[in-house]
Amino acid sequence: GWDSLVAQSATPADPDCNLSILVTGAAGFVGFHVSLALKKRGDGVVGVDNFNRYYDPSLKRDRAKILERNGVFVVEADINDSELLEKLLSIGKFTHVVHLAAQAGVRYAMKNPDSYIHSNIAGLISVLESIKSANPQPALIWASSSSVYGLNSKVPFSEKDRTDQPASLYAATKKAGEEIAHAYNHIYGISITGLRFFTVYGPWGRPDMAYFSFTKDILKRKRIMIYEGPNQRSVARDFTYVDDIVKGCLAALDTAEKSTGSGGKKTGPAQLRVYNLGNTSPVMVKKLVSILEKLLKVEARKQVLPMPRNGDVMFTHANLSLAETELGYKPTTDLQTGLKNFVKWYLYYYYFQSEKSVM
Ligand code: NAD
Ligand code: UGA
């Protein structure tokens, strides 16, 4: 575990130690896929995750097992432990931190607001503090969210559009994160890229998200709720397949400039970027359900409600021009294909448990 990781590096900042990328939230949905992709292309990756109980921790353990089998060790720790993060950053030759640990989910904030402050505000500051103390300072790539566009109704959303009307505490903490990032970039010359992901789905996904819970409930013949807007204005999401998001994260990492260090005066200001990573193809929740019904060959028991859920935005739709121009980002997986992959994984993972060790 942790000891063998430390042992891998004979001396602090061992020149032969190949650890170069730290991924927080590595046992999470997106963190798992990003860590695996980095490792598979030959990067030295170490993960951090606190395996919290927001959703089934055994799913996180299974993701971590696969990562370990592929040579990515996941340190069990909270990102608020900045001492540990500093120690970690001092043993490798870290060039990048990919920060994906957060309290995700829009509606859970109404039950547990503290976890958003803990992980999304204090946790981000702790990550930035440990980067600030590292020498050299790694560049930061971190997950913001499409939810920062809030009640903005001018679609598609561009990075320059207003983000001052969050519809949930989750969105407010992501928006605050973007401002905290600005301050640390300005004062300490840390190179920072914020990625606004749009409703990510795929294999090894998050059980709290609609596509996942709908699949589970449809198979159990349980009734599902479809929240729709009033006056035929249906709620829609720019659902984005996880492999596309991974490509966007890797492109952001590969194009990140080095941090300039404190003040950033000698070499000019450090890089500060924000990009939408979406699919630019919004789909109504009703349509999501009908695709799942066909894939599962089961008709869902549906209850349609004429309002969005409290804290939900009505519509998300990414303008991808900036990400395309600067990152070469172009999503390639449509919802039908992506959901097919998800359903295949879901049936395998939950119905053939004995073989779940096989990816
Ligand atoms: P996830 O919940 O599956 O992954 C987050 C991981 O971080 C979890 O494994 C969790 O245990 C860990 N974590 C949370 N708080 C922590 C803490 N204080 N210390 C250490 N580890 C902690 O979520 P995800 O869907 O993989 O999301 C990854 C990132 O992308 C998050 O920042 C999320 O807000 C953002 N995001 C996700 C989506 C989406 O649709 N999945 C959309 C927009 C933004
Ligand atoms: C998702 C993630 O959960 C957030 O972490 C992320 O920040 C956000 O995307 C984002 O893009 O920034 P959300 O789009 O609300 O949030 O994802 P789901 O919870 O999967 O909901 C998708 C849609 O299904 C929403 O319109 C929701 O109202 C609807 N829904 C959800 C229902 O109609 N019924 C349900 O039972 C659940």
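Up top is the structure.
So, here's what we can say about the structure.

About the cut-offs
- Residues numbered from 1 in each chain as written.
- Chains lettered and ligands numbered in written order.
- Predicted model: local features only at pLDDT ≥ 70, side-chain atom pairs only at ≥ 80, totals over all residues.
- Heavy atoms only, no water.
- Helix = DSSP H or I, 4+ residues; strand = E, 2+ residues; numbered from the N terminus.
- Buried < 20%, exposed > 50% of the residue type's maximum accessible area, 1.4 Å probe, protein only.
- Polar contact = N/O pair within 3.5 Å; in protein donor to acceptor, adjacent residues only side chain to side chain.
- Contact = heavy atoms within 4.5 Å.
- Pairing = 2+ DSSP bridges.
- Axes fitted to C-alpha atoms, helices over the stretch in contact; angles between N-to-C directions.
- Near = heavy atom within 4 Å.
- Areas by Shrake-Rupley, 256 points an atom, 1.4 Å probe, with all protein chains shown as cover.

**Describing the side chain of Asn276**
- Relative to the helices and strands, Asn276 is located in strand E11 (residues 272-277).
- Asn276 gets classed as buried once you look at its relative accessible area, which sits at 0%.
- Separated by 2.7 Å, the side chains of Asn276 and Tyr149 make a polar contact.
- Separated by 3.1 Å, the side chain of Asn276 and the backbone oxygen of Asn319 make a polar contact.
- Apart from residues no more than four positions distant in its own chain, Asn276 is found in contact with Tyr149, Phe157, Ser158, Glu159, Arg196, Phe198, Ala318, Asn319, Leu320 and Ala323.

**Here we look at the sheet that holds strand E2 (residues 45-49)**
- An order of E3-E2-E1-E4-E5-E6-E11 is seen for the seven strands of this open sheet, with the pairing classed as parallel. Either end of the sheet is taken by a strand with one partner, and the two such strands are strand E3 (73-76) and E11. Along the sheet, successive strands turn relative to each other by an average axial angle of 20°, direction set aside.
- In this sheet, strand E5 (residues 139-145) lies alongside strand E4 (residues 96-99) in parallel orientation, the contact comprising four bridges. Counterpart to His99 in the pairing with E5 is Trp142.

**A short note on the environment of Leu124**
- Structurally, Leu124 can be placed in helix H5 (residues 113-133).
- With relative accessibility at 1%, the residue Leu124 sits in the buried group.
- Note: C-alpha distance between Leu124 and Gly42 (82 residues apart in sequence) is 27 Å.

**Here's the deal with the site of ligand 2**
- Among the 23 residues in the neighbourhood of ligand 2, the closest are listed as Arg107, Ser145, Tyr170, Met225 and Asp312.
- At 2.9 Å, a backbone N or O of Tyr227 approaches an oxygen atom of ligand 2.
- Between ligand 2 and Arg237 there is a distance of 2.7 Å, counted from an oxygen atom to a side-chain nitrogen or oxygen.
- Protein contact buries 93% of the 700 Å² of open area that ligand 2 shows by itself.
- Contributing elements (two or more residues each) for the shell around ligand 2: helix H7 (210-219) and strand E8 (224-227).

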